[in-house]
Amino acid sequence: MHTEFDVIVVGAGHAGCEAALASARMGLSTALLTINLDTIAQMSCNPAIGGLAKGQLVREVDALGGEMAKVTDETGIQFRMLNTKKGPAVHSPRAQADKKAYQFSMKKRVESQSNLFLRQEIVDDLIVDNKKVVGLIGQSGIKYKAKAVILTTGTFLKGLIHIGEFITSGGRTGELSSEKLSDSLRRNGFEVGRLKTGTSPRLNGRTINYKLLTPQHGDENPRPFSFSTEKITCSQVPCYITYTNPTTHNIIMSNLNRAPLYTGQIKSVGPRYCPSLEDKVVRFPGKDQHQIFLEPEGLNTLEVYGNGISTSMPHDVQEAIVHSITGLESAEIVRYGYAIEYDFVPPAQLHPSLETKLVENLFHAGQINGTSGYEEAAAQGITAGINAALKIQGKEPFVLDRSEAYIGVLIDDLVTKGTQEPYRMFTSRAEYRLLLRQDNADRRLMKYGYRYGLISEQQWGKLQEKECAITEILTYMGKKTVGPDTLTKILSRPDRSFDSLLAIDDGLRQRQISNEVKEQVEIEVKYKGYIDRQQIQIEKFKKMEDCKIPQGIDYSKIPELRKESRQKLSQIRPISLGQASRISGVSPADISILMIYLAGKIGKKGSF
């Protein structure tokens with residue numbers, strides 16, 4: 001039996017698949033261990049990929065060489081670009097996926113990958129030697145050896161499912177939980193916390209009265225997620241919109257004494273930005289209705305996801321809630337909603353590479369770090385996979401900063417600030433979002449994917465052609481005049497689009513210009529002033545990021561720092577002054593003191 005690997009990934013959800021694929025493609029023998037091979041890449045909650053800020057993450061994962069975007073394009077049954085009435089900085093792609101088709105497509109990719117070995121196994125223990133992970137012990141008793149281990153355990157660490165008064169252990173409904181691995185983490189010195197999330201009832205579409213509902217169609221010409229997808233070919237279907245009402249809310253308020261969230265049965269913190277329906281009704285008592293999206297789970301099933309009615313109320317209360325909603329008066333619930341509590345490892349215990357500080361060569365990615373969402377998980381997964389491979393190869397870690405990618409913002413937030421509730425990505429979390437758009441993720445990040453062997457020569461060549469075309473057209477437009485103005489100045493006007501220039505200039509009209517190139521040229525011209533201003537901000541940011549802090553520094557020997565700052569700096573161990581400045585509780589005055597201290601050290605020794 002093959003039990004020795006370079007990298008072992010524990011958990012085959014969205015983080016685990018991306019992590020395992022990345023390390024295997026970088027040439028390392030990789031094992032992917034999962035409780036159930038039939039649920040690889042399972043969509044535990046709604047059957048959708050992307051959304052506000054999350055869509056940016058998916059396109060960044062794609063630019064690095066990940067699979068989530070490609071699988072979404074292959075299995076997506078409705079595509080929408082969100083926020084199109086606003087500026088390009090907040091445009092975000094979102095797609096409904098065929099739930100089972102997505103799962104099977106990703107499973108096949110994982111199964112087909114060379115250097116990657118699948119094993120159905122529950123992991124009970126870490127094997128740690130001198131603060132370095134060297135392997136794992138499965139529930140079967142098999143010992144697996146590894147040079148690096150990546151934990152992507154999702155909601156399976158001591159998972160506890162709640163439906164009203166009913167409680168059962170499980171990582172997902174109908175699936176086993178991992179009961180011993182988080183105890184192993186505790187024995188190795190990790191702080192382990194507890195979080196909660198939840199999901200909605202699933203309905204039999206045959207019993208929904210769609211005539212009473214408002215259809216929501218996707219974009220007429222859907223834009224692919226992946227930069228390598230030419231066109232969406234999967235059949236497209238609508239979603240439907242309905243609303244809760246005062247009757248729904250009365251049912252909930254009358255049964256709060258049976259709601260696990262309000263009886264004390266659930267003790268952990270849930271996601272603030274994706275609350276249960278009972279939580280919304282309690283928190284917003286003046287609101288008469290809440291929107292619900294009825295999302296089809298696939299082309300070969302009638303099962304429908306009720307997005308907006310996430311709940312852990314008892315079975316009979318869920319029935320009453322659903323039947324009080326327009327169009328759902330006779331709807332059959334085929335799966336009840338539930339809440340799940342699970343162990344996580346507060347992410348301040350990680351380096352920016354996602355390697356743990358306490359145990360060398362151990363990496364964490366996904367919900368184990370306190371995040372929520374498939375997209376956040378995939379972004380951490382590919383980062384951890386790359387870094388595990390680089391660590392084994394003796395190379396410098398791959399760390400994106402906040403000015404390069406939403407992935408950089410996500411990981412920096414986690415390791416610098418930690419989280420006390422399930423973390424969700426928003427465009428507002430990114431200071432430089434005008435530059436971190438979904439449309440230019442390839443231009444920002446594909447160089448890294450190519451460097452690590454995750455982007456093919458063909459993909460890389462296609463990007464180089466695109467860059468050349470953009471540069472050539474921008475140069476031409478800056479020189480070509482129509483009347484008193486250059487084409488660049490004309491395009492900068494609010495009422496002008498790139499296509500409108502084709503009517504006034506033969507030179508542009510005669511060129512074969514792709515829509516992607518047109519888009520990049522138009523954005524760069526129209527937002528040049530804002531982009532230049534943000535570039536100046538980034539230069540200032542980089543000065544702080546480039547000022548590295550030696551990891552052996554003893555903050556207790558800097559008496560001028562406040563006690564809270566010494567404690568926080570000692571806990572987080574920031575790698576730069578920039579990261580130190582973002583730690584909660586560390587003031588600008590503390591940063592000034594630290595700068596003076598570091599300057600003194602450099603002055604005395606010449607270097608660290």
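Look above for the structure.
Turning next to the environment of serine 235. Counting through the fold element by element, serine 235 comes out in the loop between strand 14 (214–216) and strand 15 (239–243). Residues contacting serine 235, with those up to four places away along its chain left out, are Gly76, Ile77 and Leu299.

Below, the discussion takes up the pattern of salt bridges. Considering all chains together, one arrives at 49 salt bridges under this definition. One salt bridge connects aspartate 183 with arginine 186, and the closest N-O pair in it is separated by 3.4 Å. Here aspartate 183 and its partner arginine 186 are both found in helix 5 (residues 181–187), three residues apart, which amounts to about one turn of the helix. Given the relative accessible area of 28%, aspartate 183 is considered partly exposed. Taking relative accessible area as the criterion, arginine 186 reaches 37% and is therefore assigned partly exposed. For glutamate 516, the salt bridge goes to lysine 466, with nearest N and O atoms at 3.6 Å. Here lysine 466 lies in helix 13 (residues 457–479) and glutamate 516 lies in helix 17 (residues 515–526), a separation of 50 residues in the sequence. Exposure remark for glutamate 516: the relative accessible area of 28% places this residue in the partly exposed category. Connected via shared salt-bridge partners are Arg402, Asp412, Asp413, Lys417, Glu431, Glu545 and Arg582.

Attention now moves to the packing of helix 2 (residues 54–64) against helix 12 (residues 441–451). Taken N-terminus to C-terminus, the directions of helix 2 and helix 12 make an angle of 40 degrees; their axes are 7 Å apart at the nearest point. Of the possible angle classes, the one that applies to helix 2 and helix 12 is oblique. Crossing of helix 2 over helix 12 shows right-handed handedness. Counting all contacts with helix 2, which are made through Arg59, Glu60, Ala63 and Leu64, the residues of helix 12 involved are Ala441, Asp442, Arg444, Leu445, Met446, Tyr448 and Gly449. For the contact of helix 2 with helix 12, the per-class residue count stands at six nonpolar, one polar and four charged.

So, about helix 18 (residues 528–546). In this model, helix 18 (19 residues) spans 26 Å end to end at C-alpha, consistent with the 27 Å of a helix rising 1.5 Å per residue. Of the residues making up helix 18, those classed as buried are Ile531, Gln534, Ile538, Phe541 and Glu545. Viewed end-on, helix 18 has its buried residues packed into an arc of 75 degrees, placing them on one side of the element. The exposed residues of helix 18 that point more than 90 degrees off its buried face are Arg533, Ile536, Lys540 and Lys543. Of the surrounding elements, those touching the buried residues of helix 18 are helix 17 and helix 20 (577–581).

Turning our eyes to something else, we now look at the side chain of aspartate 590. Looking at the secondary structure, you find aspartate 590 in helix 21 (residues 588–605). For aspartate 590, a relative accessible area of 2% puts it in the buried group. Side-chain polar atoms of aspartate 590 contact the side chain of serine 587, separated by 2.9 Å. Residues contacting aspartate 590, with those up to four places away along its chain left out, are Leu561, Arg562, Ser565 and Gly585.

About the criteria used
Residues numbered from 1 in each chain as written. Predicted model: local features only at pLDDT ≥ 70, side-chain atom pairs only at ≥ 80, totals over all residues. Heavy atoms only, no water. Helix = DSSP H or I, 4+ residues; strand = E, 2+ residues; numbered from the N terminus. Contact = heavy atoms within 4.5 Å. Salt bridge = Lys/Arg side-chain N within 4 Å of Asp/Glu carboxyl O. Buried < 20%, exposed > 50% of the residue type's maximum accessible area, 1.4 Å probe, protein only. Axes fitted to C-alpha atoms, helices over the stretch in contact; angles between N-to-C directions. Parallel < 35°, antiparallel > 145°, perpendicular 65-115°, else oblique. Left-handed = near helix turned anticlockwise from the far one by under 90°. Nonpolar A, V, L, I, M, F, W, Y, C, P; charged D, E, K, R; others polar. Expected span 1.5 Å × (residues − 1). Arc of directions from axis to C-beta. Polar contact = N/O pair within 3.5 Å; in protein donor to acceptor, adjacent residues only side chain to side chain.

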